[in-house]
Amino acid sequence: VQLQASGGGLVQAGGSLRLSCAASGRTFSSYAMGWFRQAPGKEREFVAAISWSGGSTYYADSVKGRFTISRDNAKNTVYLQMNSLKPEDTAVYYCAADPNGSYYPDKIYEYDYWGQGTQVTVSS
């Protein structure tokens, strides 16, 4: 499967952005999906994940209550709605696909496919 992330940009603190991740392939609806981010000089970290059906979602504590992950299997797309953005949210955001529906959705090694990343910059 190929993943294409989009929707990043420059926003002021307190603002909002919605990231999209479009997937190719007919098996998208059977994959769990996740968003990760990587700031300069830091390791890639988990942001949010969603089960194949959309029935279960998971969030990093740092974004809980501000970010919402969702998916539209008819459009082969997963979204990340980001509200109340903070300068510390600045990073390259990556979407990823987990074909196995793991028990550890926050672990990088569970994801087999990755998009190219989209830059999110939050100014103070």
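Below you will find a few notes about this structure. (Residues numbered from 1 in each chain as written. Predicted model: local features only at pLDDT ≥ 70, side-chain atom pairs only at ≥ 80, totals over all residues. Heavy atoms only, no water.)

Observations regarding the overall build of the protein
Across its full length, the protein holds zero helices and eleven strands. Written out in order from the N terminus, the α and β elements of the protein read β-β-β-β-β-β-β-β-β-β-β. Relative to its length of 124 residues, the protein is compact, with a C-alpha radius of gyration of 13 Å against a globular reference of 14 Å. In the protein, which comprises 124 residues, the share counted as buried stands at 43%. Sequence separation of at least 24 residues holds for 57% of the intrachain contacts in the protein that already meet a minimum separation of 6. As presented, the protein carries roughly 6400 Å² of accessible surface, and 47% of it is formed by carbon and sulfur atoms. The averaged location of the 10 negative side-chain charges in the protein is 6 Å from the averaged location of its 11 positive side-chain charges. (Helix = DSSP H or I, 4+ residues; strand = E, 2+ residues; numbered from the N terminus. Rg over C-alpha atoms; globule rule 2.2 N^0.38 Å. Buried < 20%, exposed > 50% of the residue type's maximum accessible area, 1.4 Å probe, protein only. Contact = heavy atoms within 4.5 Å. Areas by Shrake-Rupley, 256 points an atom, 1.4 Å probe, with all protein chains shown as cover. Lys, Arg positive; Asp, Glu negative; His and termini not counted. Charge placed at Lys NZ, Arg CZ, Asp CG, Glu CD.)

Quick look at the sheet that holds strand 3 (residues 17–23)
Taken in spatial order, the four strands of this open sheet run 1-3-8-7, and their pairing is antiparallel. Strands with a single pairing partner mark the edges of an open sheet, and in this sheet they are strand 1 (3–6) and strand 7 (67–72). In this sheet, adjacent strand axes meet at a mean angle of 15 degrees when their direction is disregarded. Of the strand pairs in this sheet, strand 3 and strand 8 (residues 77–82) are connected by six bridges, and their pairing is antiparallel. (Pairing = 2+ DSSP bridges. Axes fitted to C-alpha atoms, helices over the stretch in contact; angles between N-to-C directions.)

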